[in-house]
Amino acid sequence: MNLETLFHQRKDDPVWNTSYPLSPRDWETYRTDGPLSFEGERELSFYVHIPFCRRLCAFCEYARMLCPSADRQRAYVEAVGADIRAFLSRHGGFTLRGFDIGGGTPTALSAGNLSRLLDIYDETVDDLTLAPDFEPSIEGTFRTLTDEKLRRIAQSGIRRLSLGLQSASRAVLRRQNREDNPPGLMEEKLALARRAGITKVNLDLMYGLASQSAATIEADLAAVRRLSPEQVTLYELRPNRISAMCPFSKDELYHHYTLFFDGLSALGYKARFGQNTFTKDAADEGVSSYLRSRMLEGASYKGFGLSAQSMSRRGVSYNVGKVARPDSALLARSTFGEQDTYLLPPEELAAKYIAISAYHGSFSLEHLSRMLGRNAVRHYEAPTAFCLQNGLMEASGDRLCITREGFRHYGAVFSLFYAPS
Ligand SMILES: C[S@@+](CC[C@H](N)C(=O)[O-])C[C@H]1O[C@@H](n2cnc3c(N)ncnc32)[C@H](O)[C@@H]1O
Ligand code: SF4
């Protein structure tokens with residue numbers, strides 16, 4: 001099928017976004033037994049997944065469940081710790097590029113269990129060589145923050161905290177079964193975080209949620225102005241793994257993104273149009289070092305815990321709990337090792353990098369050449385020519401960047417660079 005037909009077929013279909021592959025079944029022929037090999041990797045990032053939340057938001061695509069008892073939480077944290085130790089006993093000689101603790105809601109753990117998790121974090125990073133730009137990060141929600149938890153996080157040297165707001169509108173949140181934040185609570189928790197030693201706060205916002213409008217976006221921007229986080233990440237609703245449909249057309253989504261982009265730019269946040277990470281300090285790209293290395297360079301990472309994803313130069317794997325909705329029976333396990341491992345050809349690994357780089361609105365042909373083991377400029381000659389001729393992308397140094405026009409259908413544009421399969 002020619003590129004023009006493909007682009008027109010995909011351009012209004014919401015499944016084309018930053019998710020890749022569209023379905024794990026697409027990789028069935030590459031499935032293999034056993035864990036993913038990380039042999040020879042000189043740099044790696046770690047990700048730990050804590051799947052517990054106090055409420056389950058309807059829009060959420062991640063593996064998560066209601067917070068279990070403190071004993072069950074402890075067993076989970078210990079199992080993750082054992083998985084990390086087992087990995088380190090098999091692999092060494094690499095530099096740790098990043099370490100993100102995400103979820104779910106890691107800060108929903110009890111103070112004692114969060115502290116135990118951070119002990120495991122301390123033991124891990126103490127034994128490894130850290131990259132010069134190593135910047136660990138932890139996710140949380142405002143309501144689950146306490147002075148004790150924040151101080152323990154900072155004590156481990158984690159200074160970046162990523163907090164979800166999604167929307168400042170109570171009506172929007174209510175439709176998503178999401179807890180809202182009473183007046184003054186966010187300011188109070190942020191002040192606690194700053195006093196505890198957190199120096200970089202990221203705020204997650206979303207668009208594409210039912211009932212969002214220019215007026216609710218105005219309220220979101222007012223919250224950003226009041227809270228003044230160092231970074232804002234703006235997610236477009238991905239409907240791939242949830243049953244709900246996005247209630248907006250591509251034109252409406254584009255309009256909502258533009259309102260955010262203009263408002264955040266006026267508040268001093270930097271981003272290229274089409275990027276979803278906004279930052280006051282352009283040098284950090286608005287993300288932790290784990291995501292920076294994944295998004296900009298296609299670097300390798302190892303995930304621990306339920307459903308976590310890993311990628312090496314050989315393939316991608318998913319831990320137990322990725323496919324089915326997680327339930328408490330899964331928590332009885334003493335390990336959350338890889339359930340699905342795919343040994344992938346270079347074109348598929350390159351496509352996985354291209355999909356995540358859509359967050360940044362650009363990808364590097366130099367890194368793609370490394371991943372492919374051949375010249376990426378020649379390999380992607382046809383989609384590059386199509387995108388440049390149609391004003392969908394533009395070249396900047398070794399990167400291809402989405403244009404304002406291309407961003408209307410960014411998922412379809414990036415998909416033209418995926419593997420033919
Ligand atoms: C692991 S989640 C949430 C962290 C934290 N539990 C919270 O709710 O703030 C990280 C971010 O992913 C985003 N997200 C979750 N589901 C999404 C979806 N279906 N599409 C796009 N973004 C999504 C939300 O912005 C969320 O803050
Ligand atoms: S958005 Fe956050 S709080 Fe809501 S279900 Fe997902 S991980 Fe949990």
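Rules used in this analysis
- Residues numbered from 1 in each chain as written.
- Chains lettered and ligands numbered in written order.
- Predicted model: local features only at pLDDT ≥ 70, side-chain atom pairs only at ≥ 80, totals over all residues.
- Near = placed C-beta within 6 Å.
- Helix = DSSP H or I, 4+ residues; strand = E, 2+ residues; numbered from the N terminus.
- Nonpolar A, V, L, I, M, F, W, Y, C, P; charged D, E, K, R; others polar.
- Expected span 1.5 Å × (residues − 1).
- Buried ≥ 20, exposed ≤ 12 C-beta atoms within 10 Å, placed from the backbone.
- Arc of directions from axis to C-beta.
- Contact = placed C-beta atoms within 7 Å.
- Pairing = 2+ DSSP bridges.
- Axes fitted to C-alpha atoms, helices over the stretch in contact; angles between N-to-C directions.
- Domains from an automatic or database assignment.

Caption draft 1: Quick peek at the site of ligand 1. Lining the immediate surroundings of ligand 1 are 18 residues, of which E61, G164, D204, Y235 and R238 lie closest. For the shell around ligand 1, the elements supplying multiple residues, two or more each, are β5 (95-103), β8 (160-166) and β9 (200-207). Split into classes, the residues belonging to the shell around ligand 1 amount to eight nonpolar, six polar and four charged.

Caption draft 2: How the structure looks around the site of ligand 2. The immediate surroundings of ligand 2 are formed by C53, L56, C57, C60, Y62, R64, G103, G104, T105, T141, G164 and R178. The residue makeup of the shell around ligand 2, split by class, is five nonpolar, five polar and two charged.

Caption draft 3: Region of the structure containing helix α8 (residues 250-266). Its 17 residues place the ends of α8 24 Å apart at the C-alpha level, agreeing with the 24 Å of an ideal helix rising 1.5 Å per residue. Within α8, burial applies to H256, Y257, F260, F261 and L264. Taken end-on, α8 shows its buried residues confined to a sector of 140 degrees, consistent with a single buried face. What points out from α8, more than 90 degrees from its buried face, is the exposed set D251, D262 and A266. Looking at the packing, one finds that the buried side of α8 touches β9, α7 (214-227), β10 (231-236) and β11 (277-279). Positive backbone phi, approximately 95 degrees, marks G268, located one or two places after α8.

Caption draft 4: Quick peek at the pairing of strand β14 (residues 315-319). Within β14, five of the five residues are buried, which leaves the element mostly enclosed by the surrounding structure. Judged by which residues are buried, β14 turns out to be covered on both faces: G315, S317 and N319 on one side and V316 and Y318 on the other are all buried. In terms of strand pairing, strand β13 (residues 309-311) meets β14 through three bridges, oriented antiparallel. Bridging across to β14, M311 finds its partner in V316. The antiparallel pairing of β13 with β14 creates a hairpin that spans three residues between the two strands. Looking at chain direction, β14 and strand β15 (residues 338-343) are connected through five bridges and run antiparallel. Following the sheet pairing, V316 is matched in β15 by Y342.

Caption draft 5: Local environment of the sheet that holds strand β17 (residues 393-396). Spatial ordering of the open sheet is given by β16-β18-β17, a layout of three strands whose pairing is antiparallel. Two strands close off the open sheet at either side, each with one partner strand: β16 (362-364) and β17. Each strand axis lies, on average, 20 degrees off the axis of its neighbour in the sheet, ignoring direction. Looking at chain direction, β17 and strand β18 (residues 399-402) are connected through four bridges and run antiparallel.

Caption draft 6: Here's a closer look at the domain arrangement of the chain. Each domain of the chain was delimited in the assignment, giving domain 1 (1-23 + 346-421) and domain 2 (30-294). The distance between the C-alpha centroids of domain 1 and domain 2 comes to 26 Å. Taken together, the contact between domain 1 and domain 2 spans 17 residues of the former and 14 residues of the latter. Breaking the side of domain 1 that touches domain 2 down by element, the ones donating at least two residues are β18 and α14 (404-407). For the side of domain 1 that touches domain 2, the per-class residue count stands at eight nonpolar, six polar and three charged.

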